[in-house]
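A look at the structure
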Amino acid sequence: MSVKVLKFGGSSLADAEHFRKVAAIVKSEPDRRYVVASAPGKRNSDDEKVTDMLYKCYELTREDQDIDNIFFCIKRRYDKIINDLGLDLSLDKEFQRIKMAILHHAGRDYIASRGEYLNAIVLANYLGFDFVDAEKGIFFCDDGTFDAEKTNSVLSKILEKHEYAVIPGFYGSMPNGTIKTFTRGGSDFTGSVVARAARADLYENWTDVSGFLMADPRLVKNPKVIETITYKELRELAYMGATVLHEDAIFPVRAAGIPINIKNTNRPADKGTMIVKETDIPASKDVITGIAGKKGFSTIILEKDMMNGELGFGRRVLDVLMNNRILFEHIPSSIDTLSVVVSTDDIKDKKLIVAEEIKKAVHPDYISIDDGIALIAVVGRDMVSSIGTAYRIFKGVAEAGVNIRMIDQGSSELNIIIGVEEKDYEAAIQGIYNEFVR
Ligand code: ADP
Ligand code: ASP
Ligand code: MG
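Owing to the predicted nature of the structure, the values given are computational and were not obtained by experimental measurement.

Here we take up the nonpolar core. In summary, soluble globular proteins display a tendency toward joint burial of nonpolar side chains. Formed by 117 residues in total, the largest nonpolar core has its most connected members in F8, Y34, L123, V166, I376 and I432. What I376 contacts, discounting residues up to four positions off in sequence, is M240, I291, A292, G293, I416, I417, I418, V420, Y425, A428, I429 and I432. Core analysis: the second largest hydrophobic core is formed by 18 residues, I300, V317, L338 and A355 among them.

Glancing now at the pattern of salt bridges. Inspection of the entire model under this criterion finds 33 salt bridges. K80 is paired through a salt bridge with D84; the nearest N and O atoms lie 2.9 Å apart. Here the residue K80 and the residue D84 both occupy positions in helix 3 (residues 68-85), the gap between them amounting to four residues, near one helical turn. What makes K80 partly exposed here is its relative accessible area of 47%. Close ionic contact of E233 with R381 constitutes a salt bridge, the shortest N to O distance being 2.8 Å. Pair noted here: E233 is in helix 8 (residues 231-239) and R381 is in the loop between strand 14 (366-379) and helix 13 (389-399), with a separation of 148 residues, a long-range link. For the residue pair E233 and R381, the accessibility class agrees, reading buried in each case.

Close contacts around ligand 1 come from 17 residues, with K7, G10, T207, D208 and L213 the closest. With respect to ligand 1, the backbone of G10 contributes an N or O atom lying 3.2 Å from an oxygen atom. In isolation ligand 1 exposes 580 Å². Once the protein is present, 85% of that is buried. The cavity where ligand 1 resides is the largest pocket. For the shell around ligand 1, the class distribution of residues is seven nonpolar, six polar and four charged.

Surrounding ligand 2, one finds S38, K49, T51, E116, F170, R184, G185, G186 and S187. Here G186 contributes a backbone N or O atom positioned 3.4 Å from an oxygen atom of ligand 2. Look at ligand 2: alone it shows 260 Å² of surface, and the protein chains cover 92% of it. Applying the majority rule of atoms within 2 Å of the grid points places ligand 2 in the largest pocket. When grouped by side-chain class, the residues that make up the shell around ligand 2 number one nonpolar, five polar and three charged.

Here helix 3 crosses helix 4 (residues 92-103) at 150°, and the two axes come no closer than 12 Å. In terms of orientation, helix 3 and helix 4 fall into the roughly antiparallel class. Here helix 3 and helix 4 pass one another in a crossing that is right-handed. Counted together, D68, F71, I74, K75 and Y78 of helix 3 and D92, F95, I98, K99 and I102 of helix 4 form the full contact between these two elements.

Turning to helix 14 (residues 425-436), a few remarks are in order. For helix 14, with twelve residues, the first-to-last C-alpha span of 17 Å sits near the 16 Å given by 1.5 Å per residue. All of the buried residues in helix 14 are Y425, A428, I429, G431, I432, Y433, E435 and F436. Its buried side turned inward, helix 14 meets strand 11 (290-303), strand 14, helix 13 and strand 16 (415-421).

Among the five residues that make up strand 1 (residues 4-8), five are buried, leaving the element largely enclosed by the rest of the structure. Taking every second residue as pointing to the same face, both faces of strand 1 are buried, with K4, L6 and F8 on one and V5 and K7 on the other. Where strand 1 meets strand 2 (residues 32-37), five bridges bridge the pair, whose relative direction is parallel. Each residue of the ladder has a partner; that of K7, found in strand 2, is V36. For the segment spanning strand 1, helix 1 (residues 16-27) and strand 2, crossover handedness is right-handed.

Parameters and conventions
Residues numbered from 1 in each chain as written. Chains lettered and ligands numbered in written order. Predicted model: local features only at pLDDT ≥ 70, side-chain atom pairs only at ≥ 80, totals over all residues. Heavy atoms only, no water. Core = buried A, V, L, I, M, F, W, Y, C linked by side-chain atoms within 4.5 Å. Buried < 20%, exposed > 50% of the residue type's maximum accessible area, 1.4 Å probe, protein only. Contact = heavy atoms within 4.5 Å. Salt bridge = Lys/Arg side-chain N within 4 Å of Asp/Glu carboxyl O. Helix = DSSP H or I, 4+ residues; strand = E, 2+ residues; numbered from the N terminus. Near = heavy atom within 4 Å. Polar contact = N/O pair within 3.5 Å; in protein donor to acceptor, adjacent residues only side chain to side chain. Areas by Shrake-Rupley, 256 points an atom, 1.4 Å probe, with all protein chains shown as cover. 1 Å grid on protein atoms, 1.4 Å probe; cavity = no way out; pocket = protein on both sides within 12 Å on 5 of 7 lines; lining within 4 Å. Sits in = over half its atoms within 2 Å of the grid points. Nonpolar A, V, L, I, M, F, W, Y, C, P; charged D, E, K, R; others polar. Axes fitted to C-alpha atoms, helices over the stretch in contact; angles between N-to-C directions. Parallel < 35°, antiparallel > 145°, perpendicular 65-115°, else oblique. Left-handed = near helix turned anticlockwise from the far one by under 90°. Expected span 1.5 Å × (residues − 1). Pairing = 2+ DSSP bridges. Right-handed = clockwise from strand over helix to strand, strands pointing away.

What follows is the structure, encoded as structure tokens:
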């Protein structure tokens, strides 16, 4: 029998109606054996995700404020799901234990992780599957990085003992036993880890859209679904803001050659998107595979006459960033200018010191640090062999009336990145989409 691992996102497990859809999907094939659950997400656009409510609990306790109200609202969400499904299950004891832990200043990650922990208990009960706690099979190293090898060996042994199981997403444990979460959206990563440990034939990632779309559906009306995409293209798009799949989620399955299928819980018959190896992909009909982007970048712009002949100029600038623990995204340069694109969040409190240190290190004629840049990545595995792709990107952006502030082509020739002012972000994405697709 083949093995499938399924991950359901927060919107797919937000209420009893969605739990019913999930159960129908899981039960429709006997090889759908391992299910990774997120915490309940938004039921409508005004609703709050349980994970966000749990982070609020943590903030309130830090400020020594009362958590009764918000804690009651969280409990009510689970109780409503349990009652609406008619389950013979009470989470009262779990909630008592969690509240005690929060009041005794439990860690931020522990508190946030309880959203998936509780939802997985409910889902396991509803499906009649075993509950396997992620803290027993997903591990981090002392430095907080994910321990892939220990996880894979322990988790595969655990899964062998359970024919059908539900595993909570988003967290695992540190060597000292405390709970640690992945970054936001991390249940996608858990799903991938479980798929590898179960030696699955397929990792199905169930969400609220019918696959990976060529652009963010909140910016472009009815974007086309991407039928097949390579792991690398997907990573580029996910990293640049297409949050439908966590940017790191491809790694565990890619190592094991397991394809990912992104599917819609509300429209299970739709084919969705298949994510596969470079060698397993048919020729694409479109020049570009997709467009994604993010706001919130700053550029450090440096000018100096004859910079091009100065050995170590770039390295000294990057040393300053490293010493201030700032990651850089791109370094577009010309003969006598160098710009470094960084996240505004990373640099906002360190601008003065970074500027001073750079001045000391490389004595530029001019330096400025400007905020308000949005980056847009146009990604496509066939771009390298298609003439005129860059021209068409610029044409699309120009027709949208937008000025391009920065251009960078990834050395893999898998993507072209442009920087625009944040106010032009939406128009630029629509312009590029119109040029290539409509
Ligand atoms: P889940 O709760 O299932 O993990 P997410 O909210 O994390 O779902 O991701 C799905 C959402 O990602 C979609 O509802 C959509 O609004 C957003 N999204 C952004 N870019 C894209 C894209 N290129 N394709 C599909 N969805 C996208
Ligand atoms: N519940 C977590 C979050 O909101 C993890 C996830 O949904 O994947 O980020
Ligand atoms: Mg998600």
